[in-house]
Amino acid sequence: MSSTSLRTHSCGELRPEHIGTTVRLCGWVATRREHGEKLAFVDLRDHTGVTQCVVDNSVDVRPEYVVRVTGTVAARPAENVNDKLATGGIELQDCVVEILNAAEPPPFPINERADTVAETTRLQYRYLDIRRERMQRNIRLRAAVNSAIRRAMEAQGFVEVETPMLVPSTPEGAREFIVPSRQQPGSFYALPQSPQLFKQLLMVAGIDRYYQIARCLRDEDLRADRQYEFMQLDAEMSFATQDDVHAAIGAAVLAAAQAVGQDPGDIVKITWHEAMDRYGIDKPDLRFGMELTELTDVFAATEFKAFAGAGCIKGINASGKAEEYGRNKLDALTDKAKKLGAKGLVWLKVAGDGTLESPVAKFLTETEQAAVKERLGAQPGDLLLIVADQWITTCEVLGTLRNDLGRPPVHQGPYRYLWVVDFPLFVGVDEATGRPKPGHHPFTQPHPDDVHLLESDPLKVRSQAYDLVLNGWELGSGSIRIHQPDLQSRIFGLLGISQEEADRRFGFFLNPFRYGAPPHGGFAFGIDRLVAILAGEENIREVIAFPKTQSGMDPMTNAPTPVDAKQLDDLGIRVLPPKA
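Here the structure is a predicted model, which is why all the values come from computation and not from measurement.

Reading guide: rules and limits
Residues numbered from 1 in each chain as written. Predicted model: local features only at pLDDT ≥ 70, side-chain atom pairs only at ≥ 80, totals over all residues. Heavy atoms only, no water. Buried < 20%, exposed > 50% of the residue type's maximum accessible area, 1.4 Å probe, protein only. Helix = DSSP H or I, 4+ residues; strand = E, 2+ residues; numbered from the N terminus. Contact = heavy atoms within 4.5 Å. Pairing = 2+ DSSP bridges. Axes fitted to C-alpha atoms, helices over the stretch in contact; angles between N-to-C directions. Parallel < 35°, antiparallel > 145°, perpendicular 65-115°, else oblique. Left-handed = near helix turned anticlockwise from the far one by under 90°. Nonpolar A, V, L, I, M, F, W, Y, C, P; charged D, E, K, R; others polar. Phe/Tyr/Trp six-rings, centres within 6.5 Å; stacked < 30°, edge-to-face > 60°. Lys NZ or Arg CZ within 6 Å of the ring centre and 35° of its normal.

Structural notes on helix H12 (residues 527-535)
- Summarising burial for H12: 9 of the 9 residues are buried, a large majority.
- Among all positions in H12, only Ile527, Asp528, Arg529, Leu530, Val531, Ala532, Ile533, Leu534 and Ala535 are buried.

Encoded structure:
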């Protein structure tokens, strides 16, 4: 309902069926235009839209004045109908204007031209920036997403529980924000990077299905998809497999998309190995092809030295890119491939007659050239790129080039959701200790088929960890957790964590598991990132009401700011001068 004691309708609500009705509207003056000597047109705006009001020319109102207009809904003259506005067929006549509040001229126009204004200025006056249609749409779309998520989770029996904002420090994770304790001088809280530990304890406590739209904080460098403060859907469920978790989270994600008018389709599922093998990245964008194609067998007997003996040879087809990529661009691609770890990059252009043009073409036999063209589906005008190296290097280099050459803007449809599963439990070996490095946190359940490999071949052990990806953006990650003390001890042993160290670092978390921890797993995904994609924005700052700049500043409040000496004394803190 839009009516209040001051207004009968909102500014975007009136239609031809209201003609003849006397109404009261409240809002901001968007524009004022002279109409002859006696009349003026005032466009009145609120978050729902704009209504044109015909007022006496003597009425002195200016842009962003807050006014109430009482008038009669009338049909616009045919020549003045505005098909671009939902209210473009009507106007208010016989208007009485009441100024509720005057306004100074704003520092930038409150319309979409403000997109060209420096971001720092927009954030300094964020309360004005949010008046714009684009920002209103984004903020309200975000609210619709949150509402849909809550409904979907509660429909599946999840219980919303708030977890603490002042928690113990866990410095082995991402960099934390630290909060000094006044009552315990020299001791500190941390602001939570996630509710991970508490949500698992809620499973021990028998909550069974927990969720929270949680505020999390990490003191990491900011970028287009990262803020110090971020919101995530956090969930955990007991007596569940990863398929159960995927189903629950998938229902919430798809409900959120549908709530804002998107057709999300189905969420497909592939393994980490398949993602790397086909796309060269663990968060692949499925909206375009250019998949990595296996060529190792094609060059099994090659005499071309760059390919001979290579562990893995793959290629991609940048369809129709041959003409676009001249020698300078190709040299830049080659340099990038080398910076990414490859020994080099082979490029081949397909000429109009189907022959391959490249400095290395003469080193390839006719049979090899024909096989390459067949495997890559080459057509005249295509650019073929080949890397020969170890499997992981070949995949990662070509995956980066694939994204560079073919990836559309992140918000451009269609929306392709993807579960990536079976990540490696360990990612390489620590050179200093010779011990395996965990790919996720050390409480991640190994794949049941690989537990026997933990001590004999740990790098081949798959985990029950999984990521949710949308259009090449990782929305979030999760895993099935270790709930058995003996298995947890084995993992700690592999990582070189003694029982004493485990008790010191994780005792408050692990000790409760001695009292009966059910099998459980969970997930968390970034709401900021999801909303940005659904809103068609490349930067999450455009879907956050009051974000920080990339330098971590808030131009509106000037945060962060120094605090006075007394506050520091109360906390027992001394500020050191900056390092030279």
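Here we look at helix H4 (residues 196-204)
- Those residues of H4 that fall on the buried side of the exposure criterion are Gln196, Leu197, Lys199, Gln200, Leu202 and Met203.
- Those residues of H4 that are buried lie in contact with strand E9 (209-217), strand E10 (229-238), helix H11 (499-510) and strand E22 (520-526).
- Within two residues after H4, Gly206 carries a phi angle of roughly 85°, on the positive side.

Details of the sheet that holds strand E13 (residues 312-318)
- Spatial strand order, E12-E13-E16-E14-E15: 5 strands in an open sheet with antiparallel pairing. Taken across any chain shown, the strands that pair with only one partner, and hence form the sheet edges, are strand E12 (293-294) and strand E15 (356-357).
- Taken together, the 4 bridges between strand E14 (residues 346-350) and strand E16 (residues 383-389) define a ladder with antiparallel strand orientation. Across the sheet, residue Lys349 finds its bridge partner in E16, namely Leu383.
- Against the sheet, helix H7 (residues 327-339) makes contact with E14 and E16, and its axis sits at roughly 145° relative to E14, the strand it touches most.

Some points on the sheet that holds E9
- With mixed pairing, the 8 strands of this open sheet are ordered in space as E6-E9-E10-E22-E21-E20-E17-E11. Looking at strand neighbours, the two that pair on one side only are strand E6 (159-160) and strand E11 (268-271), the edges of this open sheet.
- In the sheet, strand E21 (residues 473-480) pairs with E22 via 5 bridges, with the strands oriented antiparallel. Paired with Ser479 across the strands is Gly522, a residue of E22.
- On the sheet, helix H3 (residues 133-155) packs against E6, E9, E10 and E22 and is oriented at approximately 150° with respect to E9.
- The sheet contacts of H12 involve E9, E10, strand E17 (417-421), strand E20 (465-470), E21 and E22, and relative to E21 the element is tilted by about 145°.

Structural notes on unusual backbone geometry
- In the segment running from Gly413 into Pro414, the intervening peptide bond is cis, with an omega of 0°.
- As for its placement among the helices and strands, Pro414 is situated in the loop between helix H9 (391-406) and E17.
- Residues Ala559 and Pro560 are joined by a peptide bond in cis, for which omega reads 0°.
- Tracing the sequence through the fold places Pro560 in the loop between H12 and helix H13 (565-571).

Here's the deal with the packing of H3 against H12
- Where H3 meets H12, the closest approach of the two axes is 10 Å, and the angle between their N-to-C directions is 125°. It follows from the interaxial angle that H3 and H12 lie oblique. When the axes of H3 and H12 are compared, the crossing they make is right-handed. Mapping the contact onto sequence places Asn138, Leu141, Arg142, Val145, Asn146 and Ile149 in H3 and Ile527, Asp528, Leu530, Val531, Leu534 and Ala535 in H12.
- Grouping the amino acids of the contact of H3 with H12 by side-chain chemistry returns 8 nonpolar, 2 polar and 2 charged.

Description of the packing of aromatic side chains
- Under the definition given, this model contains 14 aromatic pairs.
- Seen from their ring centres, Phe304 and Phe307 are 4.9 Å apart, and the 75° between their planes marks the pair as edge-to-face.
- Given the relative accessible area of 10%, Phe304 is considered buried.
- Here a set of aromatic residues connected by ring pairs shows up, and it is made of Phe443, Phe492, Phe506, Phe509 and Phe513.
- The ring of Tyr325 has Lys329 sitting right over it, with the charged end atom 5.1 Å from the ring centre.
- The lysine or arginine in question, Arg402, covers the ring of Phe288, its NZ or CZ lying 3.8 Å from the ring centre.

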